[in-house]
Amino acid sequence: MGLPKRITYHDERYPFIVLAPIGKKNKQIRSIGHKFERGLFSRLNDTIVELIHEQSWDVTKIRCYLDVTGEAILPVSLQKEEKVYPHLLRPELFLWSSLPEEHGLPLKDSFLYDTDFTQLSSEQLHEHVKGVLEDYLFLAEVSGHTRNYWLKKIGEAFHRHPLLKLFHQKREVIDAVEIMNQSSLLSVLKYPEDIAFWRHRVEIVMRPFRSLPSSWMEHGNKKICLHEKELYFDSTQRTINCYCETCDFCLYYHVDDDRVSFDEEFNVERAAKRIITIEQQFNDIALQNQRLLDQLIQMQSLKNQLTKARKPLEESLQIVQRIEKYQQKPLNLTEYPLLHMYRQLRQTKVPERGSRSELRWLSGVHLAHVKIFKELPEWLKLVPENVYPITSHLLEELKQQLEEVRYEEEDIIITIKGRPLTYGTVQQILDLIHYYGTDYPAHTLVQMLAGKATNKLRTLHLHETRWFGLLSEWPEKHIQKLFSQLEKKGWLMKQQKGYSISDFAEEVM
């Protein structure tokens, strides 16, 4: 923290200035021999004295911050050959970090003021140095606490902001509005012009909340997002400006008031009224769609009824997947309407209608698609009071169909470049993958099947296995193509080294 003592230089003629070399190769100051520098430092020193009396500053804070002795409060840097560097050092250079003792101060634009103070008039120099010392005083105050302390203070003040308080208070409604605004249910609600007007109002009502990044609002009442932050300091406004590049969001922490402000401030009282209004407007729309609300309750009732036979229905769906794998095409579930209905309703969620707010209730609804409203009347006729016997019969029927599509040993199940392979041969290839697939790379497995007795295969005794030469009449490139096709069909899975067989292939074997 502060200026490295080893490289600092004090001249008793300019007691309020402390000199330091700048630039990595500039390691020390021997003297101030140039007339221009002596005159400039004299003007600078006199300006500092004048400002201290004029502003009644407590400059001891700056001396502590810079860790310097004597009266010095302003660091000035010299280049090689003891020429003054024409830009003053920003106080951020010394904040929460130590500078190396073995070479000059870092020559970085971010730590330097833009103004060339060597070319200023007396009045201009007075104003520039005033701003610089105000920055030093502010940073000296900030340095009394750690970076994490200020980030914590910023997080706490962020969640105390009236807009955030409103967000936490109305979180359930705000979430419901955002979800409902994207819901497919809007496409089946009456009346389209009312829906369009409501969505237009949503854009206005949600703008204050959307102006704040969600990652800042999800971490409870004191935390903010977990990304790296950049802190900037404004001594004029006495604010710490906190910027997150990932969220592209900046806020301003007012040190004296322990509060934050944003680039755009909103009327929180008006925002609160609008939240109430937007919820009521949607509830009014929903009440004009009573038939649809009743259908949702009927869907959930059907789902609950089918849940009593969940086990045979889930097993039936698993068998359908296996049949589809064997047939290599989807099964037409409309031939099994009960199973088709169950698969659609399984993806449907209709919460209990406990809330008086239709907005909050409907925001919790999840549908596979809105077409099920058209299918619902037929579904209601389909499900008997006792659904278990019919599902058991369905399961047995699907098991029978699975037996019919299972492969026999001589069934040709894959053809590569006009070369057919039977199920029995594919089983042997899967057997090879089961034992050696992840131990050896793909080209070694290809050579085994092709019967290519390389030195490597002989060394590993792989030429003695029962799979050696199984596809000896095939070109090696066609065997590699076979592996690719088996992977595409879901029988094999590519690994970092070689292949492994899939769960489906395990089942088939």
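Presented here is an overview of the structure given in this document. (Residues numbered from 1 in each chain as written. Predicted model: local features only at pLDDT ≥ 70, side-chain atom pairs only at ≥ 80, totals over all residues. Heavy atoms only, no water.)

### Overview of the overall build of the chain
Then comes step 1: When helices and strands are tallied, the chain shows 21 helices and 10 strands.
Then comes step 2: Over its C-alpha atoms the chain spans a radius of gyration of 38 Å, topping by over 25% the 23 Å that the globule rule assigns to 509 residues.
Then comes step 3: A separation threshold of at least 6 residues defines the contact pool for the chain, and within that pool the share at least 24 residues apart is 67%.
Then comes step 4: As displayed, the chain has an accessible area near 27,100 Å², and 47% of this comes from carbon and sulfur atoms.
Then comes step 5: A gap of 3 Å separates the mean positions of the 68 positive and 71 negative side-chain charges of the chain. (Helix = DSSP H or I, 4+ residues; strand = E, 2+ residues; numbered from the N terminus. Rg over C-alpha atoms; globule rule 2.2 N^0.38 Å. Contact = heavy atoms within 4.5 Å. Areas by Shrake-Rupley, 256 points an atom, 1.4 Å probe, with all protein chains shown as cover. Lys, Arg positive; Asp, Glu negative; His and termini not counted. Charge placed at Lys NZ, Arg CZ, Asp CG, Glu CD.)

### Some remarks on the side chain of serine 500
Then comes step 1: Within the secondary structure, serine 500 sits in strand E10 (residues 499–501).
Then comes step 2: On the basis of relative accessibility, which here comes to 16%, the residue serine 500 falls in the buried class.
Then comes step 3: In contact with serine 500, not counting residues within four places along its chain, are Ile433, Thr438, Trp491, Leu492, Met493 and Gln495. (Buried < 20%, exposed > 50% of the residue type's maximum accessible area, 1.4 Å probe, protein only.)

### Examining the environment of threonine 60
Then comes step 1: Tracing the backbone through its elements, the reader meets threonine 60 in helix H2 (residues 60–66).
Then comes step 2: Here threonine 60 falls in the partly exposed class, since its relative accessible area comes to 40%.
Then comes step 3: For threonine 60 and alanine 72, which are 12 residues apart along the polypeptide, the C-alpha to C-alpha distance reads 9.5 Å.
Then comes step 4: Polar side-chain contacts of threonine 60 include one of 2.6 Å to the side chain of aspartate 58. (Polar contact = N/O pair within 3.5 Å; in protein donor to acceptor, adjacent residues only side chain to side chain.)

### Let's talk about the packing of helix H12 (residues 310–327) against helix H16 (residues 388–405)
Then comes step 1: Closest axis-to-axis distance for the H12/H16 pair is 9 Å, and the angle between their directions is 20°. In terms of orientation, H12 and H16 fall into the roughly parallel class. Handedness of the crossing formed by H12 with H16: left-handed. Here H12 contributes Pro312, Leu313, Glu315, Ser316, Ile319, Val320, Arg322, Ile323, Tyr326 and Gln327 to the contact with H16, which in turn contributes Tyr388, Thr391, Leu394, Leu395, Leu398, Lys399, Gln401, Leu402 and Val405.
Then comes step 2: A class-by-class count of the residues in the contact of H12 with H16 yields 12 nonpolar, 4 polar and 3 charged. (Axes fitted to C-alpha atoms, helices over the stretch in contact; angles between N-to-C directions. Parallel < 35°, antiparallel > 145°, perpendicular 65-115°, else oblique. Left-handed = near helix turned anticlockwise from the far one by under 90°. Nonpolar A, V, L, I, M, F, W, Y, C, P; charged D, E, K, R; others polar.)

### Considerations on the nonpolar core
Then comes step 1: Val76, Trp216, Ile240, Leu296, Leu362 and Trp491 are the most contacted members of the largest nonpolar core, which has 170 residues in total.
Then comes step 2: Beyond its immediate sequence surroundings of up to four residues, valine 76 is in contact with Ile17, Val18, Leu19, Ala20, Phe41, Leu44, Val84, Leu88 and Phe117. (Core = buried A, V, L, I, M, F, W, Y, C linked by side-chain atoms within 4.5 Å.)

### Concerning the packing of helix H18 (residues 442–450) against helix H20 (residues 476–488)
Then comes step 1: Closest axis-to-axis distance for the H18/H20 pair is 9 Å, and the angle between their directions is 120°. Classed by the angle they form, the pair H18 and H20 counts as oblique. Relative to H20, the crossing made by H18 is right-handed. Packed against H18, whose contacting residues are Ala442, Leu445, Val446, Gln447, Leu449 and Ala450, the element H20 presents Glu476, Ile479, Gln480 and Phe483 at the interface.
Then comes step 2: Residues that form the contact of H18 with H20 fall into these classes: 7 nonpolar, 2 polar and 1 charged.

### Structural notes on a positive patch on the surface
Then comes step 1: Where like charges cluster on the molecular surface, the positive patch consists of Lys417, Lys477, Lys481 and Lys488.
Then comes step 2: Within the fold, lysine 417 resides in the loop between strand E7 (412–416) and strand E8 (419–422).
Then comes step 3: Taking the relative accessible area as the measure of exposure, lysine 417 reaches 62% and is therefore exposed. (Patch = residues over 30% accessible without salt bridge, like charges linked within 9 Å, V, L, I, M, F, W, Y side chains within 5 Å. Salt bridge = Lys/Arg side-chain N within 4 Å of Asp/Glu carboxyl O.)

### Observations concerning the sheet that holds strand E6 (residues 259–262)
Then comes step 1: Spatially, 4 strands are ordered E3-E4-E5-E6 in an open sheet, and the strand pairing comes out antiparallel. The sheet is open, and its two edges are formed by strand E3 (230–234) and E6, each paired on a single side. Across the sheet, the mean angle from the axis of one strand to that of its neighbour is 30°, orientation sign disregarded.
Then comes step 2: Of the strands in this sheet, E3 and strand E4 (239–244) touch helix H3 (residues 122–142), which is tilted by about 130° from E3. (Pairing = 2+ DSSP bridges.)

### Remarks on the environment of isoleucine 414
Then comes step 1: Mapping isoleucine 414 onto the fold places it in strand E7.
Then comes step 2: For isoleucine 414, a relative accessible area of 6% corresponds to the buried category.
Then comes step 3: Sequence separation of isoleucine 414 and leucine 66 is 348 residues, and the distance between their C-alpha atoms is 79 Å.

### Description of the pairing of E3
Then comes step 1: The alternating pattern of E3 places Leu231 and Phe233 on a buried face, while none of Glu230, Tyr232 and Asp234, on the opposite face, is buried.
Then comes step 2: Counted along the chain from E3 to the antiparallel partner E4, the turn is 4 residues long, and its residue arginine 238 has a positive phi close to 55°.

### A word on helix H15 (residues 372–382)
Then comes step 1: Buried within H15 are the following residues: Ile372, Phe373, Leu376 and Trp379. The buried residues of H15 occupy an angular sector of 85° when the element is viewed end-on, so they sit on one face. Facing away from the buried side of H15 by over 90 degrees, the exposed positions are Lys374 and Lys381.
Then comes step 2: Against the buried residues of H15 lie helix H11 (290–307) and helix H13 (337–346). (Arc of directions from axis to C-beta.)

### Examining the pattern of salt bridges
Then comes step 1: Tallied over the entire structure, the rule returns 24 salt bridges.
Then comes step 2: Between arginine 13 and aspartate 11 there is a salt bridge whose closest N-O contact spans 2.7 Å.
Then comes step 3: On the accessibility criterion, arginine 13 (45% relative accessible area) is partly exposed.
Then comes step 4: Residue aspartate 11 is classed as buried on the basis of its relative accessible area of 10%.
Then comes step 5: Ionic pairing is found between aspartate 257 and arginine 259, a salt bridge with its closest N-O pair at 3.5 Å.
Then comes step 6: We classify aspartate 257 as partly exposed; its relative accessible area is 48%.

Function cannot be inferred from these measures alone, as they are strictly geometric.
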